[in-house]
Amino acid sequence: MSKFRSISKVASLQLVLMLGWILIYQTARLLEYSPHASLWYPPAALSFAAMTLLGARAFPAIFLASLLTSFIHYQQYGAAEAVPYFAVTLPSLAHAGSYLLGALLLRILIRTGQVNYSAMLVAYLLLAAAAAFLAAFSGSWSLQYEGVLDNAQRQSIWLGWWIGDLVAILSLSPFIVLLIDKLTANNLATHLPWLLRHGNGPLPDYLLKLFVCLMLLIVSMLIAHQVQAQEITFLILSLSLPTMWLVYTESVWRSFCGLAIISLTIAMLMAQLDLEAFAVIYQFTIAMISVSMLFGTVVPVLQSTNQQLLHSLHTDPLTGVLSRQGFFEQAEMLLAWAAQHKDKICLAVIDLDHFKQVNDVLGHQAGDRVLQEVCQTLSKQLRQQDLIGRFGGDELMLLLPDTAENEAMQLCERLRNSIEQLQIQVLQRHVTVTVGVCEHHPDENFSQLFLRADKTLLNAKKLGRNRVELDINSAVVGS
Ligand SMILES: Nc1nc2c(ncn2[C@@H]2O[C@H](COP(=O)(O)OP(=O)(O)OP(=O)(O)O)[C@@H](O)[C@H]2O)c(=O)[nH]1
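Just so it is clear, the structure is predicted and the values come from calculations on it, not from any experiment.

Enquirer: Give a description of the nonpolar core that names residues and reports values.
Expert: In terms of nonpolar packing, the biggest core is built from 84 residues, with Leu39, Phe48, Tyr99, Leu217, Met221, Ile266 and Tyr282 touching the most fellow members. A total of 11 residues in this core trace back to one element, the largest contributor, which is helix H5 (residues 117-146). Among the domains, domain 1 (1-192) and domain 2 (198-309) are the pair contributing at least three residues each to this core. With residues near it in sequence (within four places) discarded, Leu217 still touches Ile236, Leu239, Ile262, Thr265, Ile266 and Leu269. Counting 29 residues, the second-largest nonpolar core is a separate cluster that includes Ala348, Leu371, Val374 and Ile424.

Below, the structure written as structure tokens:
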């Protein structure tokens with residue numbers, strides 16, 4: 001049953017890819033501005049994207065789709081009788097083989113997991129250019145071999161073929177890769193997690209940015225259509241500004257989708273507005289915008305990576321409370337605010353009693369569990385504005401804004417009591433904590449306050465543990 005299911009899965013993948021390729025091929029033909037002349041060749045984008053994502057599994061579908069369209073093409077132009085059938089396969093082999101080669105190299109690079117996003121983009125651009133070159137070069141040679149083209153024709157078309165393929169790959173394949181990844185639930189995200197990680201902002205904002213891009217390109221192409229002068233067609237380069245806005249502020253998925261829409265609109269308007277004399281300028285525009293948008297996606301990826309790094313720097317991985325650095329940074333800000341507004345603010349330093357014994361008797365895992373449970377119990381009873389952090393080992397810290405020493409003492413007594421009541425499965429005995437409490441003096445910085453609280457804690461330990469002690473200097477210094 002499962003064998004049957006996997007066969008039908010493979011068959012449906014091949015079918016969908018084939019139909020998709022033929023559909024894109026036929027749609028692209030509608031965008032030709034004169035027979036066989038087009039700004040780009042979108043099937044190449046599907047071939048490269050599908051093979052990058054699915055590897056050799058995509059080869060049969062792409063090859064067959066290309067073969068089928070070649071046959072139809074030859075039939076239409078009456079060349080089929082003159083060309084031996086086996087020879088008709090050569091251009092399709094050249095197309096599918098070239099993109100498979102480029103995609104396989106890219107896949108090897110992705111799978112090593114050693115390259116960062118920017119290096120991956122450079123590799124993608126170079127391999128896309130090389131694969132498109134190979135496809136155009138071998139494709140045009142195979143057509144000459146079949147007798148469809150003579151030597152002079154081959155020489156005159158291969159460069160345009162290369163650029164047409166490359167323009168389509170640069171602008172469409174990033175979007176197609178993400179689309180196939182989503183539809184097939186492929187594992188791209190496991191190899192390129194940073195690509196799909198960061199989230200989206202509000203949809204209307206994205207639509208506004210896309211609208212600005214499309215308006216600018218439509219207006220510039222309409223003006224070019226009216227004036228029919230080369231200098232005016234360069235107006236379209238102003239598109240680079242809103243496309244950068246889009247790409248710096250939106251997710252990779254939305255940026256690549258926007259890029260595909262923008263390039264499709266340029267190709268459509270080119271065909272409709274009688275602008276074929278400026279085809280090279282529009283090809284250059286699509287290529288330039290694609291490359292700058294691709295590199296632009298590095299910015300939000302870097303931003304989100306930075307945020308994650310910052311988050312992990314500021315969070316204690318075991319307990320989920322603030323790390324020492326995170327706590328100290330936020331505490332400095334809260335102290336400054338409290339001093340400015342003449343608010344009372346207290347610090348409590350908490351230490352687990354005889355925690356070493358838990359580790360020694362029950363092991364470190366049990367010790368970890370105790371630390372987690374204690375932190376959870378404390379966090380649940382704090383207000384939103386309170387800070388909780390782990391200084392290190394079994395020592396925790398609480399910063400309590402807008403709280404006087406007597407209120408802090410009451411709260412800490414309540415917390416001590418609730419920890420003593422904790423039923424922790426791995427433990428045979430109760431966990432207890434000792435707490436040192438200090439009220440902040442407006443003139444002291446956080447390190448000085450912490451030192452006082454830590455001394456108070458040591459003092460409390462000497463007095464017999466499982467207790468809350470107030471710094472005897474708090475009231476004197478603070479008054
Ligand atoms: N399980 C676990 N143990 C830790 C971690 N960090 C530090 N420790 C242990 O915490 C223990 C702290 O021991 P001590 O500083 O002697 O404190 P104590 O045993 O609680 O003694 P008193 O504070 O005097 O009551 C040591 O055994 C450390 O190995 C951690 O992340 N997980």
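Enquirer: For the pattern of salt bridges, give the residues involved together with the corresponding values.
Expert: According to the stated counting rule, one finds 14 salt bridges in the structure shown. The partner of Arg416 in a salt bridge is Glu413, with the nearest N and O atoms 2.7 Å apart. Of this pair, Arg416 and Glu413 both sit in helix H18 (residues 405-420), separated by three residues, roughly a single helical turn. Given a relative accessible area of 10%, Arg416 falls into the buried group.

Enquirer: Mind laying out the packing of aromatic side chains, listing which residues take part and the relevant values?
Expert: Within a pair of aromatic rings, the relevant descriptors are the distance that separates the centres and the angle that separates the planes. Taken as a whole and judged by the stated rule, the model has 17 aromatic pairs. On the basis of an interplanar angle of 70° and a centroid distance of 4.7 Å, the ring pair of Phe328 and Phe446 is categorised as edge-to-face. With Phe328 in helix H15 (residues 324-340) and Phe446 in helix H19 (residues 446-462), this pair connects stretches of sequence that are 118 residues apart. Looking at Phe328, the relative accessible area reads 23%, which means it is partly exposed. On the basis of an interplanar angle of 40° and a centroid distance of 6.3 Å, the ring pair of Phe446 and Phe450 is categorised as tilted. Placement of the pair is Phe446 and Phe450 together in helix H19, with a separation of four residues, close to one helical turn. Phe450 shares its class with Phe446; the two are buried. One aromatic cluster in this structure is built from Phe327, Phe328, Phe391, Phe446 and Phe450. We note Arg324 situated over the ring of Phe391; from NZ or CZ to the ring centre the distance is 3.9 Å.

Enquirer: Got a sec to walk through the site of the ligand? Specific residues and values, please.
Expert: Taken together, 17 residues sit near the ligand, with His354, Phe355, Lys356, Asp368 and Arg390 positioned nearest. His354 places a main-chain nitrogen or oxygen 2.7 Å from an oxygen atom of the ligand. Taking Asn359, its side chain carries an N or O atom lying 2.9 Å from a nitrogen atom of the ligand. Elements that contribute at least two residues to the shell around the ligand include exactly strand S1 (345-352), helix H16 (355-362) and helix H17 (364-381).

Enquirer: Describe a nonpolar patch on the surface, with residues and values.
Expert: Taken together, the side chains of Leu208, Phe211, Val212, Met215 and Trp245 present a nonpolar region at the surface, about 450 Å² in accessible area. With four residues, helix H9 (residues 203-227) is the largest single contributor of residues to the nonpolar patch. Looking at the secondary structure, you find Leu208 in helix H9. Owing to a relative accessible area of 47%, Leu208 belongs among the partly exposed residues under this scheme.

The rules behind each value
- Residues take numbers from 1 onward in each chain, read along the sequence in its written order.
- Selection of residues for local features in this predicted model requires a pLDDT of at least 70, selection of side-chain atom pairs for listing and counting requires 80 or more, and totals for whole chains, interfaces and linings are taken over all residues.
- To get the side-chain values, all heavy atoms of the structure are used, and hydrogens and water are removed first.
- We define the nonpolar core as a collection of buried residues of types Ala, Val, Leu, Ile, Met, Phe, Trp, Tyr and Cys that are connected through side-chain atoms lying within 4.5 Å of one another.
- Accessible area is worked out with a 1.4 Å probe on protein chains only. A residue is then buried under 20% of its type maximum, exposed over 50%, and partly exposed in between.
- Only DSSP runs of H or I reaching four residues or more are called helices, and only runs of E reaching two or more are called strands; each is numbered from the N terminus.
- Domain delimitation follows an automatic or database domain assignment.
- Residue contacts follow a heavy-atom distance rule, with two residues in contact if any of their heavy atoms lie within 4.5 Å.
- For salt bridges, the criterion is a side-chain nitrogen of Lys or Arg within 4 Å of an Asp or Glu carboxyl oxygen.
- Here the aromatic set is Phe, Tyr and Trp, taking the six-membered ring for Trp, and pairing holds for ring centres within 6.5 Å; pairs whose planes are under 30 degrees apart are stacked, those over 60 apart are edge-to-face, and all others are tilted.
- Geometrically, a lysine NZ or arginine CZ counts as sitting over a ring once it is within 6 Å of the ring centre and also within 35 degrees of the ring normal.
- Definition of nearness: a residue and a molecule or strand are near each other if at least one heavy atom of the residue lies within 4 Å of the molecule or strand.
- Identification of polar contacts relies on pairs of N or O atoms within 3.5 Å, with a donor-acceptor requirement for protein atoms, meaning one able to donate a hydrogen and the other able to accept it, and with residues adjacent in sequence counted only if both atoms are side-chain atoms.
- What goes into a patch is any residue over 30% in relative accessible area without a salt bridge, connected to like charges within 9 Å or, for nonpolar side chains (Val, Leu, Ile, Met, Phe, Trp, Tyr), within 5 Å.
- To measure how exposed things are, a 1.4 Å probe is used in the Shrake-Rupley method; for residues, cover is taken only from the protein chains shown.

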